Amino acid sequence: RVNSANAYADKTLTPGSSLTVQFTGVDNIPVSDVSGVMANITITNTTANGGYLTEWPGSGPAPNSSIINWNSSETVANRTVLDLSNNGTVTFYNPYGNADLVIDVTGYFTGSSNVNATGYTYNPLSQPVRLIDTRSSLGGKTLTSTNPTDTYSIPTSTIPSDAVAIMSNVTVTNTTAWSFMTV
């Protein structure tokens, strides 16, 4: 945002624009041996309905899955894990309208060469995978309020059988009444 006193101040994402953001070597994030970050992504000052943001490490085309969706004049936030490129960057792309991007990093994942690394290893996919989309034949089930305990199990064919957790973005759209979803 303008006057945010940040390195990316006045870099509003305009329609069809992208922004590459440096994560490694910034504040308390090490310069090397960082494979990803946990971040809260906020979109604000939006000007178009049906807006969405995609992200990917390095170069190449934008993936077809979003990390956050919004309508005009909304401020929306989403917590996500960002896989970093070899030089510690992530590129963000906005196809519609103007939007300001706010990123709050809450932690990072060390690479496998860090001898002090503890806990589970974070294993990023080369590209995000859309596991279900109830609007199309992918997953093909619409959850309804006629059965308040309606559930759906996500197919995990792209997730290794020894994984103990996944990081996912869940988007709810085409709603007909106030409600909530529990994952």
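No experiment lies behind these values; they were computed from the predicted model shown.

A. The environment of Asn45, seen in detail. Along the chain, the position of Asn45 falls in the loop between strand 2 (34-44) and strand 3 (51-56). Placed 30 residues apart in sequence, Asn45 and Thr75 show a C-alpha to C-alpha distance of 6.9 Å. Of note is the side chain of Asn45, whose polar atom sits 2.7 Å from the side chain of Asp100.

B. Spotlight on the packing of aromatic side chains. Applying the stated rule across the entire model yields 1 aromatic pair. Ring geometry for Tyr52 against Tyr96: centres 5.9 Å apart, planes inclined by 75°, an arrangement best described as edge-to-face. With a gap of 44 residues between them, Tyr52 in strand 3 and Tyr96 in the loop between strand 6 (89-94) and strand 7 (100-110) connect regions that are remote in the sequence. Assessed through its relative accessible area of 42%, Tyr96 is described here as partly exposed.

C. Inspection of the sheet that holds strand 6 at higher detail. If you trace the 4 strands from one edge of the open sheet to the other, you get 1-6-3-4, paired in antiparallel fashion. Whereas interior strands pair on both sides, the edge strands pair on one side only; in this sheet they are strand 1 (17-22) and strand 4 (68-70). Taken pair by pair, the neighbouring strands of this sheet meet at an average axis angle of 20°, ignoring direction. Judged from the 3 bridges that link them, strand 3 and strand 4 form a sheet pairing that is antiparallel. Its bridge partner being in strand 4, Gly51 is matched across the sheet by Trp70.

D. Main features of the nonpolar core. Membership of the largest hydrophobic core comes to 20 residues, with the highest contact counts inside it found for Phe23, Ile41, Ile43, Leu53, Leu82, Phe92 and Leu101. If you tally residues by element for this core, the top one is strand 2, at 5 residues. Those residues in contact with Leu101 that lie beyond four places of it in its chain are Leu13, Ile41, Thr42, Ile43, Leu53 and Phe92.

E. Quick peek at the sheet that holds strand 5 (residues 76-83). An order of 5-2-7 is seen for the 3 strands of this open sheet, with the pairing classed as antiparallel. Two strands close off the open sheet at either side, each with one partner strand: strand 5 and strand 7. Neighbour-to-neighbour, the strand axes of this sheet turn through a mean angle of 20°, independent of strand direction. Pairing analysis gives 8 bridges linking strand 2 to strand 5, with the strands arranged antiparallel. Residue pairing across strands places Ile43 opposite Val76, the latter belonging to strand 5.

F. Structural view of the pairing of strand 6. Where burial is concerned, most of strand 6 is hidden: 5 out of the 6 residues are buried. Where strand 1 and strand 6 come together, 6 bridges link them in antiparallel fashion. When the bridges of strand 6 are listed, Ser17 appears paired with Asn94. Relative to strand 6, strand 3 runs antiparallel, the two sharing 3 bridges. Residue pairing across strands places Glu55 opposite Phe92, the latter belonging to strand 6.

Parameters and conventions
Note on numbering: residues in each chain are counted from 1, in written sequence order. The model is predicted, so local features are restricted to residues of pLDDT at least 70 and side-chain atom pairs to those at 80 or more, both for listing and for counting; the totals for chains, interfaces and linings are taken over all residues. Excluding hydrogens and water, the side-chain figures rest on all heavy atoms present in the structure. Secondary structure is summarised from DSSP: a helix means a run of H or I of at least four residues, a strand means a run of E of at least two, and numbering begins at the N terminus for each. Polar contact criterion, stated in full: a pair of N or O atoms within 3.5 Å, where within protein one must be able to donate a hydrogen and the other to accept it, and residues adjacent in sequence count only if both atoms are side-chain atoms. The rule is short: rings of Phe, Tyr and Trp, with Trp giving its six-membered ring, pair when the centres are within 6.5 Å, and they are stacked under 30 degrees, edge-to-face over 60, tilted in between. Only protein chains enter the accessibility calculation, which uses a 1.4 Å probe; a residue is then buried when its area is under 20% of its type maximum, exposed when over 50%, and partly exposed in between. The rule for pairing is simple: two strands pair if DSSP sees at least two bridges between them. All axes are obtained by fitting lines to C-alpha atoms, using only the stretch in contact for helices, and the reported angles, taken between N-to-C directions, cover 0 to 180 degrees. Residues grouped as a nonpolar core are buried Ala, Val, Leu, Ile, Met, Phe, Trp, Tyr and Cys residues, joined through side-chain atoms within 4.5 Å. Working rule for contacts: check all heavy atoms of both residues, and any pair within 4.5 Å makes them a contact.

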